[in-house]
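# Summary of the model geometry
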Amino acid sequence: MKKILLQNKKHYSDDFSDILKYKNVQVSRHVKKFNKRQKQEYYQDISKQIEPYLNNHNEMLCLGTRNNHERDCFRKNLNVKNIFSLDIADKSEADYIMDFNSLPEEWKFKWDIIYSNSIDHALDATAVFYKWLNIVKEGGVIVIGFDISYENPCETDCNIFKKKEIISFFEEIHNKKIKILEYNTIACGDGTDYFHITLKKL
C-alpha cells in the first residue's frame, strides 16, 4: 500500500544531504521577511480555536516564528503559563535558535501545545510532522496552519499542500496516533487563507 504523504509535492529529494545549504537559504529568506507580521486578529482566531482544548497546559512552543510577534500574541490571548518561540535564524531572537527539522532528543514528550504555520519550509513535511508529534506530551495539542494556495515547491517554500492530501493523511492516523479535533480556515488579513487543523496526541 502506498504511504499517504502530508505534502502534495516537495522540493528536496529524500537523499538530499546538504543541510548547510538548506539552512542558508532559509536564513536568507528570513532576512527578507523578518519585519512581516500577521495581524493580531489572525492569532486571536487561532487562540479561540485552541482554547476549548486547553486543560492544565503549561508549556507551548511556536515553531518557525520568524520573529517574536507570534509568541507575544499567543501570550496575550491564551491562558498558558509558558509560551516560547523557535526559529532557524539568529536575527529572529527567538527563545530557541534551531532547525525544526531536527529537534533535541531531550524534548521527547516535553510540550503541551505546539503551533506552526511554517511546515511548508520543512525539508519533508511528512517526516517533520512525526518529529513534532514526538515532542508533544500524550494528550497534548498540535495546531498546524497550511497555506494551500501554492502550486509548485521551491527551495524556500519546500512543500506544497492540498486540502485533500492533508485530510487523507490525518484521517489515516486518526484514532491511532492522533485524534482530529477540528478543521478550520482562518484568514491572515493579507488575502491569504490558511487551512488549520487541531489535533490531540494519543
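Relevant structure appears above.
My aim in this report is to walk through the structure given alongside it, one point at a time. (Residues numbered from 1 in each chain as written. Predicted model: local features only at pLDDT ≥ 70, side-chain atom pairs only at ≥ 80, totals over all residues. Heavy atoms only, no water.)

### Topic: the overall build of the protein chain
The helix and strand tally for the protein chain stands at 5 helices and 9 strands. Taken from the N to the C terminus, the helices and strands of the protein chain come in the order β-α-α-β-α-β-β-β-α-β-β-α-β-β. Its C-alpha atoms give the protein chain a radius of gyration of 16 Å, near enough to 17 Å, the size a compact globule of 202 residues would have. Projected onto the principal axes, the alpha-carbon positions of the protein chain cover approximately 45 × 40 × 40 Å. Burial analysis of the protein chain (202 residues in total) assigns 48% to the buried set. In the protein chain, the proportion of contacts linking residues at least 24 apart, taken out of those at least 6 apart, comes to 69%. The average position of the 31 basic charges and that of the 30 acidic charges among the side chains of the protein chain differ by 1 Å. (Helix = DSSP H or I, 4+ residues; strand = E, 2+ residues; numbered from the N terminus. Rg over C-alpha atoms; globule rule 2.2 N^0.38 Å. Buried < 20%, exposed > 50% of the residue type's maximum accessible area, 1.4 Å probe, protein only. Contact = heavy atoms within 4.5 Å. Lys, Arg positive; Asp, Glu negative; His and termini not counted. Charge placed at Lys NZ, Arg CZ, Asp CG, Glu CD.)

### Remarks on the packing of aromatic side chains
A full pass over the atoms with the stated rule returns 19 aromatic pairs. Summarising the aromatic geometry, the rings of F84 and W111 are spaced 5.8 Å apart at their centres and angled 70° between planes, so their arrangement reads as edge-to-face. Linking F84 in strand 3 (residues 82–87) with W111 in strand 5 (residues 111–116), this pair joins segments that are 27 residues apart in sequence. Seen in terms of ring centroids, F146 and F161 are 4.9 Å apart; in terms of plane orientation they differ by 70°. Their pairing is edge-to-face. On the criterion of sequence distance, the pair formed by F146 in strand 6 (residues 136–147) and F161 in the loop between strand 7 (159–160) and helix 5 (163–173) is long-range, its members being 15 residues apart. For F146, a relative accessible area of 0% corresponds to the buried category. Grouped by ring-pair contacts, the aromatic residues Y42, Y43, F74, Y115 and Y194 constitute a single cluster. Above the face of the W111 ring, K110 is positioned so that its terminal group lies 4.9 Å from the ring centre. (Phe/Tyr/Trp six-rings, centres within 6.5 Å; stacked < 30°, edge-to-face > 60°. Lys NZ or Arg CZ within 6 Å of the ring centre and 35° of its normal.)

### Examining the sheet that holds strand 3
Strand order across the open sheet formed by 7 strands is 4-3-2-5-6-9-8, with mixed pairing between neighbours. Edge positions in the open sheet fall to strand 4 (96–97) and strand 8 (178–187), since each of these has one partner strand only. Strand direction decides the pairing type here: strand 2 (residues 59–63) and strand 3, joined by 5 bridges, are parallel. Within strand 3, the residue paired with L61 across the bridge is F84. Here helix 2 (residues 40–50) sits on the sheet and contacts strand 2, strand 5, strand 6, strand 8 and strand 9 (193–201); the angle it forms with strand 8, its principal contact strand, is near 155°. Sheet strands touched by helix 5: strand 6, strand 8 and strand 9. Its angle to strand 8, the strand with the most contacts, is close to 160°. (Pairing = 2+ DSSP bridges. Axes fitted to C-alpha atoms, helices over the stretch in contact; angles between N-to-C directions.)

### Considerations on the side chain of H196
Following the sequence through the fold, H196 ends up in strand 9. Within the structure, the side chain of H196 is placed 3.2 Å from the side chain of Y42, a separation counted as a polar contact. With residues up to four places along the chain from it excluded, the contact list for H196 reads Y42, I46, Q49, Y115, V143, I144, G145, E182, Y183, N184 and I186. (Polar contact = N/O pair within 3.5 Å; in protein donor to acceptor, adjacent residues only side chain to side chain.)

### A closer look at helix 1 (residues 19–33)
Taking 1.5 Å of rise per residue, the 15 residues of helix 1 would be expected to cover 21 Å, and the 21 Å separating its terminal C-alpha atoms lies within 8% of that figure. Inspection of helix 1 places Y22, V25, Q26, R29 and H30 among the buried residues, and these make up the whole buried set. For helix 1, the angular spread of buried residues about the axis comes to 140°, placing them on one side. Each element contacted by the buried residues of helix 1 is listed here: strand 3. (Expected span 1.5 Å × (residues − 1). Arc of directions from axis to C-beta.)

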